[in-house]
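In case you want the letters, here they are:
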Amino acid sequence: MRVITAKEWEEIRAKIDEINKSVEKLKLIDELANEIEVNLTLLGATAVEDKLQDRVPDVIYDLLGANIKIWMLTGDKLETAENIAKS
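Let me sum up the structure you'll find in this document.

Moving on, we come to the layout of surface pockets. Estimated volume of the second largest pocket: approximately 190 Å³. Around the second largest pocket, the lining residues are Trp9, Arg13, Ile16, Ile29 and Trp71. For the lining of the second largest pocket, the leading source of residues is helix α1 (residues 6-19), giving three residues. Counted by class, the lining of the second largest pocket contains four nonpolar, no polar and one charged residues.

Looking now at helix α2 (residues 25-36). Here α2 is twelve residues long and its end C-alpha atoms lie 16 Å apart, about the 16 Å a rise of 1.5 Å per residue gives. Of the positions making up α2, those classed as buried are Leu32, Ala33 and Ile36. Along the axis of α2, the buried residues cluster in a sector spanning 100°; they form a single face. Where α2 is buried, its residues touch α1.

In most cases, non-glycine residues show a negative phi, while peptide bonds are predominantly trans. With a phi close to 60°, Asn67 is a non-glycine residue in the positive phi region. A relative accessible area of 58% places Asn67 in the exposed class.

Contact geometry for α1 and α2: axes closest at 10 Å, N-to-C directions at 165°. Taken together, the axes of α1 and α2 lie roughly antiparallel to each other. For the crossing formed where α1 meets α2, the hand is right-handed. Of the residues in α2, those in contact with Ile12, Lys15, Ile16 and Ile19 of α1 are Lys25, Leu28, Ile29, Leu32, Glu35 and Ile36.

By size, the foremost hydrophobic cluster in this structure holds five residues: Ile12, Ile16, Ile19, Leu32 and Ile36. Every element with two or more residues in this core is listed here: α1 and α2. Those residues in contact with Ile12 that sit more than four places away from it in its chain are Ile4, Leu32 and Ile36.

Our next topic: a nonpolar patch on the surface. There is a patch of nonpolar side chains on the surface, built from Ile4, Trp9 and Leu40 and spanning about 280 Å² of accessible area. A residue is classified by how much of its surface remains accessible, and Trp9, at 40% relative accessible area, is partly exposed.

Reading guide: rules and limits
- Residues numbered from 1 in each chain as written.
- Predicted model: local features only at pLDDT ≥ 70, side-chain atom pairs only at ≥ 80, totals over all residues.
- Heavy atoms only, no water.
- 1 Å grid on protein atoms, 1.4 Å probe; cavity = no way out; pocket = protein on both sides within 12 Å on 5 of 7 lines; lining within 4 Å.
- Points joined across faces, edges and corners; volume = space filled by probe spheres on them.
- Helix = DSSP H or I, 4+ residues; strand = E, 2+ residues; numbered from the N terminus.
- Nonpolar A, V, L, I, M, F, W, Y, C, P; charged D, E, K, R; others polar.
- Expected span 1.5 Å × (residues − 1).
- Buried < 20%, exposed > 50% of the residue type's maximum accessible area, 1.4 Å probe, protein only.
- Arc of directions from axis to C-beta.
- Contact = heavy atoms within 4.5 Å.
- Axes fitted to C-alpha atoms, helices over the stretch in contact; angles between N-to-C directions.
- Parallel < 35°, antiparallel > 145°, perpendicular 65-115°, else oblique.
- Left-handed = near helix turned anticlockwise from the far one by under 90°.
- Core = buried A, V, L, I, M, F, W, Y, C linked by side-chain atoms within 4.5 Å.
- Patch = residues over 30% accessible without salt bridge, like charges linked within 9 Å, V, L, I, M, F, W, Y side chains within 5 Å.
- Areas by Shrake-Rupley, 256 points an atom, 1.4 Å probe, with all protein chains shown as cover.
- Salt bridge = Lys/Arg side-chain N within 4 Å of Asp/Glu carboxyl O.

Dropping the structure here:
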């Protein structure tokens, strides 16, 4: 297992901020992911198929309230994913 220290996170965050200013954002973020996503332990994963299921917004709120970081992965267009996330 690998713990990312506060100092490491600040360095990563600074790199992300710089990447967001670049025209090669996708390439650079992929390179950064390859650099930092090593020796990690997957703590959990779940999937929601198609429509937003009952109580998902409540569960997301509770997870965020517990300071649990979550990622939403989707094959949809950005606009669709944003609308789903906000619903």
